[in-house]
Amino acid sequence: RYGVTRRASVRTPAEVTRIVQEAAKAKAVIFYTLVDEEVRRTMRRASEQAHVWRIVQVGARGLGSAREAEVRHAKQWGAHIFTSRHVHHNGLKDILDTIPPDSDCLITLDCDALDTSEMPAVAHPSPGGLTYMQVVDLIAGVAAKARIAGFTMVEFAPKKDRDGASAYTAARIAANIIGHIARQI
């Protein structure tokens, strides 16, 4: 009934559409941590799918990662967008309040959303990102309220991982997700 999908990169609207459709055929909630501009455009395409009725985006931190019109469109559609600054200053409660109880959620983790001190091997490193603990607490909070219908991880750049620490962090996050999904079955 539930599955874990792991992708090296999701770059096209068709890929996002396929993942969303696989993860939740009816009344999907997409819970998404982001920074990358290309993935953000694909979330716009996901918002055009009839079965996607809520998108929560967490971890944005640079104005350069989206154009003003894209952010305005997302907010007009009803996307809930929380910056990493919001998480650092206010915690996770506001974010978790946007997740409907007993809904099916697809979690897509853009590794760029993590702070470079904890995940340096990413495509577009930028300071001020989420901590490992914030990410796993966010996952636990979603799992406590909703069913995790799927998981994707993008933007990990193995060639930039000099000591293996980023791979270890990514693996621990993936194991954390798998554990929550296993408890939900």
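Residues numbered from 1 in each chain as written. Predicted model: local features only at pLDDT ≥ 70, side-chain atom pairs only at ≥ 80, totals over all residues. Heavy atoms only, no water.

Caption draft 1: View of the overall build of the protein chain. In terms of regular secondary structure, the protein chain is built from seven helices and five strands. For the protein chain, the N- to C-terminal ordering of α and β elements is α-β-α-β-α-β-α-α-β-α-β-α. Per-residue burial for the protein chain yields a buried fraction of 50% across its 185 residues. Considering only residue pairs separated by 6 or more positions, the protein chain has 78% of its internal contacts joining residues 24 or more positions apart. (Helix = DSSP H or I, 4+ residues; strand = E, 2+ residues; numbered from the N terminus. Buried < 20%, exposed > 50% of the residue type's maximum accessible area, 1.4 Å probe, protein only. Contact = heavy atoms within 4.5 Å.)

Caption draft 2: Inspection of the nonpolar core at higher detail. Membership of the largest hydrophobic core comes to 33 residues, with the highest contact counts inside it found for Val58, Ile95, Phe151, Met153 and Ile173. Of all the secondary-structure elements, those providing two or more residues to this core are strand 2 (52-60), helix 5 (93-96), strand 4 (104-110), helix 6 (132-145), strand 5 (147-154) and helix 7 (165-184). Top element by residues in this core is helix 6. It accounts for seven residues. (Core = buried A, V, L, I, M, F, W, Y, C linked by side-chain atoms within 4.5 Å.)

Caption draft 3: Representation of the confidence of the model for the protein chain within the structure. Of the residues in the protein chain, 75% reach a pLDDT of 70 or more, and the chain-wide mean stands at 80. Put simply, strand 1 (residues 28-33) is where the protein chain has its lowest mean pLDDT, 50, and helix 6 is where it has its highest, 97. Counting contacts from residues 1-11, a segment whose pLDDT is below 50, to residues more than four positions away or on other chains yields 41 contacts. In this model residues 32-36 is a low-confidence stretch, pLDDT under 50, and it forms 34 contacts with partners more than four residues away in sequence or in other chains. (pLDDT = per-residue confidence, 0-100.)

Caption draft 4: The arrangement of helix 6 in detail. With 14 residues, helix 6 should cover 20 Å at 1.5 Å per step; its first-to-last C-alpha distance of 20 Å lies within 8% of that length. Among all positions in helix 6, only Tyr132, Gln134, Val135, Val136, Leu138, Ile139, Gly141, Val142 and Ala143 are buried. (Expected span 1.5 Å × (residues − 1).)

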